[in-house]
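Breakdown of the fold
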Amino acid sequence: MKPLSPALVATKFSPPAADERQVARDALMDAMADTKARLVLVRAPAGFGKTTLMAQARQKMEEAGVATGWLTLDSADNDPSRFLAYLDRAIDELSPQEFSTRVGGAQAPMGEVALELMERISGLPFPFTIFLDEFEVIRSPGVVALVAQLLERLPGGARLVIGSRSVPDLRLARLRASGQLVEIDAQKLRFSLDETRRFFGARGSQALASEHLDVLHAKTEGWVAALWLASLALERHQHRHEFIAAFSGTEESLAEYLAEEVLAQQPPEVRRLLLSTSILRELSVSLCEALLPGADAGGILRQLASANVFLIPIEGRPGHWRYHSLFSSFLRGQLQREIPQSVPGLHLAAAHWFIAQERPVPAVDHFIAAGAVDEAFGVLQHQAMPLLMQGRLRLLTRWFDALPQDRLKEHPLLQVTYLWSTCFTRGPQASLAMMRTAGLEHSTDPEVKVHVAALQASMLALLDQWEEAHAIGSRSLHLLPSTSVFANAALVNVTANGAAMLGQFPEARGLLERARQSQGQAASAFHRMYSETIEGMIDMLEGRLLQARARFRLAVQTTQGSGLDAAQGNAWAGLLYAASVYEADDLRQAKRLLQVYLPMARDVWLSDHIVLGYRMLSRIAFAEGEIDHAFQGLSELEYLGHERQLPRLAAAARLERARMLLLQGHHDAASEELRTAGTVEMWRQVGARHHLGHDWEDPEIGQLRWQVLAGDPRKAAASLEHLVTQAGRGGRVRRALKLHLLHAMALARSGDEDQAQEALMRVLQPACAEGAMRLVLDEGEVAARLVTQAQARVEPSQVGPIFADYLQRLRSAFGALAVEEPVPAAPVQLPPMMEPLTPKEIRLLQLLAEGYSNRALTEKLFVSDSTVRTHLRNINGKLGANNRTQAVAMARRLGLIR
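Quick summary incoming for the structure in this document. (Residues numbered from 1 in each chain as written. Predicted model: local features only at pLDDT ≥ 70, side-chain atom pairs only at ≥ 80, totals over all residues. Heavy atoms only, no water.)

Section: helix α32 (residues 587–603)
- Between its terminal C-alpha atoms α32 stretches 24 Å, which fits the 24 Å expected from 17 residues at 1.5 Å a residue.
- When the local axis directions of α32 are compared, the greatest deviation, roughly 35 degrees, occurs at L594.
- Taking burial as the measure, the 17 residues of α32 include 14 buried ones, the bulk of the element.
- Directly after α32, the chain includes W605, whose backbone phi takes a positive value near 65 degrees. (Helix = DSSP H or I, 4+ residues; strand = E, 2+ residues; numbered from the N terminus. Expected span 1.5 Å × (residues − 1). Bend = angle between axes of the 7 residues up to and from the residue. Buried < 20%, exposed > 50% of the residue type's maximum accessible area, 1.4 Å probe, protein only.)

Examining the pattern of salt bridges
- Counted according to the given criterion, the structure contains 46 salt bridges.
- The salt bridge involving E62 is made with R58; its shortest N-O contact spans 3.5 Å. With E62 and R58 both in helix α3 (residues 50–63), this residue pair falls four residues apart, about one helical turn.
- Between K738 and E779 there is a salt bridge, and its shortest N-O distance comes to 2.7 Å. With K738 in helix α40 (residues 733–749) and E779 in the loop between α42 (774–777) and α43 (781–793), this pair connects stretches of sequence that are 41 residues apart. (Salt bridge = Lys/Arg side-chain N within 4 Å of Asp/Glu carboxyl O.)

Structural notes on empty space enclosed by the protein
- Scanning the model with the defined rule gives three cavities of 30 Å³ or more in all.
- Roughly 160 Å³ of internal volume is contained in the second largest cavity.
- What lines the second largest cavity is a set of 15 residues, and nearest its centre among them are Y582, L612, M616, W696 and R734.
- At the level of elements, α31 (564–583), α33 (607–623), α40 and α42 are the ones that each hand at least two residues to the lining of the second largest cavity.
- Among the elements that make up the lining of the second largest cavity, the one with the highest residue count is α33 (four residues).
- Class assignment for the residues of the lining of the second largest cavity results in eight nonpolar, no polar and seven charged. (1 Å grid on protein atoms, 1.4 Å probe; cavity = no way out; pocket = protein on both sides within 12 Å on 5 of 7 lines; lining within 4 Å. Points joined across faces, edges and corners; volume = space filled by probe spheres on them. Nonpolar A, V, L, I, M, F, W, Y, C, P; charged D, E, K, R; others polar.)

Re the packing of helix α34 (residues 627–643) against helix α35 (residues 647–664)
- It is the contact of α34 with α35, at a shortest axis distance of 6 Å, that shows an interaxial angle of 160 degrees. The angle between the axes of α34 and α35 places the two elements in the roughly antiparallel class. Our pair here, α34 against α35, has a crossing hand that is left-handed. Where α34 approaches α35, its residues I627, A630, F631, L634, S635, L637, E638, L640, G641 and H642 are matched on the opposing element by P647, L649, A650, A652, A653, R654, E656, R657, M660, L661 and Q664.
- Taken together, the residues of the contact of α34 with α35 sort by class into 13 nonpolar, four polar and four charged. (Axes fitted to C-alpha atoms, helices over the stretch in contact; angles between N-to-C directions. Parallel < 35°, antiparallel > 145°, perpendicular 65-115°, else oblique. Left-handed = near helix turned anticlockwise from the far one by under 90°. Contact = heavy atoms within 4.5 Å.)

Details of the nonpolar core
- Counting residues in each nonpolar core, the largest one holds 254 residues, and the members touching the most others are F128, L160, V776 and L845.
- Judged by nonpolar contacts, the second largest core, of 18 residues, contains A37, V42, F48 and V161. (Core = buried A, V, L, I, M, F, W, Y, C linked by side-chain atoms within 4.5 Å.)

Quick word on the pairing of strand β3 (residues 128–133)
- The buried fraction of β3 amounts to six of the six residues, a majority that puts the element mostly inside the structure.
- Side chains F128, I130 and L132 of β3 all project onto a buried face; the interleaved residues T129, F131 and D133 project onto the opposite face, where all are buried too.
- In the sheet, strand β2 (residues 67–72) pairs with β3 via six bridges, with the strands oriented parallel. Each residue of the ladder has a partner; that of T68, found in β3, is T129.
- Note that β3 and strand β4 (residues 158–164) share five bridges and pair parallel. When the bridges of β4 are listed, F128 appears paired with A158.
- Taken together, β3, helix α6 (residues 141–153) and β4 form a β-α-β motif whose crossover is right-handed. (Pairing = 2+ DSSP bridges. Right-handed = clockwise from strand over helix to strand, strands pointing away.)

Any functional reading would require information beyond the geometric quantities listed.
Have a look at this one:
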């Protein structure tokens, strides 16, 4: 075999020699290595040296004794379980033996694995850096949420370095404002004119005239890849000024250079291999030989690999490489220009090789690219349903989109698989529209009929049309069992869920029991998850919080793996488990669970779970004093409702915004939010169902809360007394408890302290028995004062230690709100201040009244923490207050703030 062309050997897309680039990048690497920021974002288009810079920074950190882990991401890492597995391995790279404890295990659900891994990372007692390269391929909200959680849990001395072509959705504004973000963009990665001069000098090239360097730098705008290839070309051009005049520095110019100066000079066998294998995402000797029978693929690859030419080793897979993205793109274009007739045959050869290796996924990709429709359908008939159950939804949708739709009609079971994947990637509306044109409702195939019924019911449920979903499911149960375990399970599950949503609990339990008996071991794990979750929902609605939490926990542990069933199961059970943890006031754990499970629920269109998840995250942010964050979450929920044409989601966001505005004292704004929170007809439908997301948060309760805190509390008390009785008769224990609490607050605001305490005890005693805390804590200052008064009235010896401890925990959780003062029924006149507050102090007081923490105040007002503390001392001194709560109360009574 002939040796490689010198042009090819010299042209490397991997990092140049250290002395060539180091001179231009020391400052950036110092910024990456020495920063105290949590996140370093290296963002630029291809060819700007992102990976090179990150690799050099990693080497420098390791030389300084800083542990590092590295992940190069690809599109398959959009699967949260896969991402977690590889992140776990990356942590192993940086953890010394004594600190390395692999998380989870074969039986651990994804949510638990995520939480354990974050705990492991936050507990590492040494400085470290994790590198995530090619982050632009990540589109999954679930994976982005995991990275956001990783950022939040990094201990002191740890940082995350991300290389990406696009801006990741990681709430960068907050990190930027708090000095926790270092950004290295294309502008910083471009060579300056001086760096360009030093670069050409370090290359050892014949000196260029200053005017030539100026022109070359201006044309390339400091783009490293263009300067690099230009330097190689100049080494072989005698008339340098002519080359520089013709060189444009664009991607087209690079392609022209690669074609004329690199590829054209290669021996025929090397050129043939480079072009033919450009269709591959990965290269190995065996695969290349399948495309080029008789070629010495092994010898060529060994030369390319030893010369470090164009090939990038695939980490963790010895003997496997990939082309650099710029070079791969060029080669594919060149292949289409030179020998387009060979492309189908190359794809076909690759597909057959992957089939022989029992790798159907890349095989189908190549069959489709080859136009081998029959072969693609042949593989899909065996693999589509297993892939659906594995959760490979986007992959299936992409394949079916690319196949001839008239041919797809010949395969009804593949059509229903297409409908399932479309439903969970583009939404139920798109899937319903496709079903109407497919004509599958008229199929006589028993398996297809069950799929169609399950699809129709599931899509209607996802669109919040529960009555219709339950009716279709109930009418179709006689079709069971079919030969499809997936279709049988889907039909029973959606029908049972519909029954529970409509309050028909015995029917729901009966359906789940029937499924357990009829499906046997094949679907037992998923059905156990589903039945435990529905039983837990019923327990929660009926006030049995402890039992509900136990069921949700069991259900989360039941779901395993990364399939569609597991993904839905994790979201279905996991988010409700988070709700039970939230109710027990474990906000830290609830927040972590929600960061894992809410993106999953959003992906599979679980509307009630989405409402609960966003509401809880907003309330946690509100409780932490992160007020802007709390309102931002509600804006996301409202947008999601409009985007998906689910008005209940948008209305739920307005309801919760009204509650927060009311607690802030913005009564008129709260009233306006309530007025626009959905239609009467929509809420009539919701009220007839048993939505956990609206069991105690609907316009009726929202309006009554407003009357209690901002309107006529006596009128509210009369209405609440009637509604408490109504909820009790309907078996809605959870709702009745919330109404009892609002009734107690209304009585207190009306001046009836004794009756208020009697009503309060009807809430606190059952709440204590179940460990319910947020039921009370979420109602703010009036509830806090009622609890404080209750604690002062009771004798521990009379109520027992458990109830006394519960009261103390409630009071402690209320913090500064729990003051021993009567609930104010009317404004109290205070003497005028000796020294007036400044406008800045009044602004800060207003933000304090709205719930902002000191940290949030520093970001909102663009001042330091010490400045905030100084303002607070001055305010307390002027008002004669002992703490911020007293200062806010006095300022309100003086009419200084709302």
